[in-house]
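Architecture and fold: a report
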Amino acid sequence: MQKVTVKINKGYDFFVGEDVLGGALEPVLFEIKARRCAVIADAAAEKYHLDALSAVLSHAGCEYVCYTLAPGERSKSLSEYGEILTFLADNEICRNDVIIALGGGVAGDISGFCAATYMRGIRYINIPTTLLAAVDSSVGGKCAVDLPEGKNLAGAFWQPEAVICDTRFLKTLDEAEIRSGAGEILKYGLLADGRLLSAAASRESCVSEDIISQCVSIKADYVREDETDFGVRRFLNLGHTAAHAAELLSGYTLPHGEAVAYGLSVITHAAEKNNMCESGLSDIVDASIKAAGLPCAASMNYSSADLASAAMGDKKRSGNKITLVIPRSVGKCFLHTMKTDELAEFLACGTGEK
Ligand SMILES: NC(=O)c1ccc[n+]([C@@H]2O[C@H](COP(=O)([O-])OP(=O)(O)OC[C@H]3O[C@@H](n4cnc5c(N)ncnc54)[C@H](O)[C@@H]3O)[C@@H](O)[C@H]2O)c1
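Residues numbered from 1 in each chain as written. Predicted model: local features only at pLDDT ≥ 70, side-chain atom pairs only at ≥ 80, totals over all residues.

For the rest of this paragraph, the subject is helix α12 (residues 281–291). Within the span of α12, buried status applies to Ser 282, Val 285, Asp 286, Ser 288 and Ile 289. Buried residues along α12 cover an arc of 160 degrees about the axis, so they all sit on one side. Buried residues belonging to α12 abut α6 (175–191), α7 (195–199) and α11 (256–273). The first or second residue beyond α12 is Gly 293, which carries a positive phi of 75 degrees. (Buried ≥ 20, exposed ≤ 12 C-beta atoms within 10 Å, placed from the backbone. Helix = DSSP H or I, 4+ residues; strand = E, 2+ residues; numbered from the N terminus. Arc of directions from axis to C-beta. Contact = placed C-beta atoms within 7 Å.)

Structure representation (structure tokens):
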């Protein structure tokens, strides 16, 4: 088992390893004196892994009720959020009870937002069951639901009591879900550690506790410096302006990790065309993306005009300015602010239209 401590005001531990659930969860439940939990479970995670969680909760003497989320981004909605709050109230979940998220980024994000807002905030524990949630979304405390106008537009920063990634749970993921998680691993590779670029190419390395804890350590360092995303944490948005725009344009049918890989490719091509990065960087990035079976800029047909207009709902926009994370070389990036009316032209260098 490996442990990464997220050192912020209300610090917490991320545990990862094969069969770690009981050994990590029971002490946390004991420490926070949890007697009742509301498990908010993605339907697939529930089908495959609720029994294992249930056994640990029962051994710890913790009662639970379970709310099932339909798989997919559509569940990260205001209406689902309302349904969950009603479920919590109907089941008399109190302020000293605990929410447990069991699932991928969707379950984690909406559970965290419910935890942040139900009764003005209750505790929660995140149990990521997708690779993407394991390496990225389960850590850092960003939680949200989507609005029709854009992703994650209603949300909060609400840190979990602990995050527990039992790598047994990742064994039931299909290849598409592994690829999607690999998109975020590539982001960490381009942002901070080039070794992760090659790690993303194989399922075995992607789901290893070493790679997962390496990604989480990188994220934890940024979060420690800037919990609320006004400073260095913005570097974690590498590739995400085009990614979120492509997700919106696809009607949220494009998996997040695939969108991130595409966004990394677009931004690197745009940077290279504008002499903002080392020459040849886009070839390196595209080769890693293809090796992981993910889409690069040339694999998709979104126009720069559509991407730029979809990016207007992006949280990284401020008035008529938007800040992009630009790769300079593998492991080195910088922030660059431009006028929103220059974005389409810049992205056109990334999509291949220019
Ligand atoms: N909060 C953050 O910092 C942050 C960071 C990155 C992404 N996100 C969000 O995360 C979401 C994407 O997360 P995701 O890719 O995990 O998607 P997801 O939660 O929709 O899960 C993807 C699919 O995997 C299935 N699944 C989950 N666990 C499984 C298991 N163990 N075995 C088999 N199938 C399983 C689900 O049913 C679903 O079909 C997006 O909403 C994105 O915005 C949040």
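Once you've had a look at it, read on.
The next subject is the site of the ligand. The local shell around the ligand holds 33 residues, among which Pro 71, Gly 104, Gly 105, Val 106 and Ser 137 are the closest. Put simply, the parts of the chain that give the shell around the ligand at least two residues each are α2 (43–59), α4 (105–117), α5 (131–137), β8 (150–157), α6 and α11. Here the shell around the ligand gathers at least three residues from each of two domains, domain 1 (2–172) and domain 2 (227–351). (Near = placed C-beta within 6 Å. Domains from an automatic or database assignment.)

Splitting the chain by domain gives domain 1 (2–172) and domain 2 (227–351). Here domain 1 and domain 2 have C-alpha centroids that lie 29 Å from each other. With 10 residues of domain 1 at the interface, the matching set in domain 2 holds nine residues. Among the residues forming the side of domain 1 that touches domain 2, the class breakdown is three nonpolar, three polar and four charged. (Nonpolar A, V, L, I, M, F, W, Y, C, P; charged D, E, K, R; others polar.)

Read from one edge of the open sheet, seven strands run β1-β2-β9-β6-β5-β3-β4, paired in mixed fashion. Where the open sheet ends on each side, the last strands, each with one partner, are β1 (2–6) and β4 (63–69). Each neighbouring strand pair of the sheet contributes to a mean axis angle of 15 degrees, computed without reference to strand direction. Two elements, strand β3 (residues 36–42) and strand β5 (residues 98–103), share five bridges in a ladder whose sense is parallel. Bridge assignment links Ile 40 to a residue of β5, and that residue is Ala 101. Across the sheet, helix α1 (residues 21–31) lies against β2 (12–17), β6 (123–128) and β9 (162–166), angled at about 165 degrees from β9, the strand it touches most. (Pairing = 2+ DSSP bridges. Axes fitted to C-alpha atoms, helices over the stretch in contact; angles between N-to-C directions.)

Notably, Glu 92 is not glycine yet its phi reads approximately 55 degrees, a positive angle. If you trace the backbone, Glu 92 turns up in the loop between α3 (78–90) and β5. Even without being glycine, Tyr 252 reaches a positive phi, approximately 60 degrees. C-beta crowding within 10 Å serves as the criterion here: with 16 such atoms nearby, Tyr 252 is assigned to the partly exposed category.

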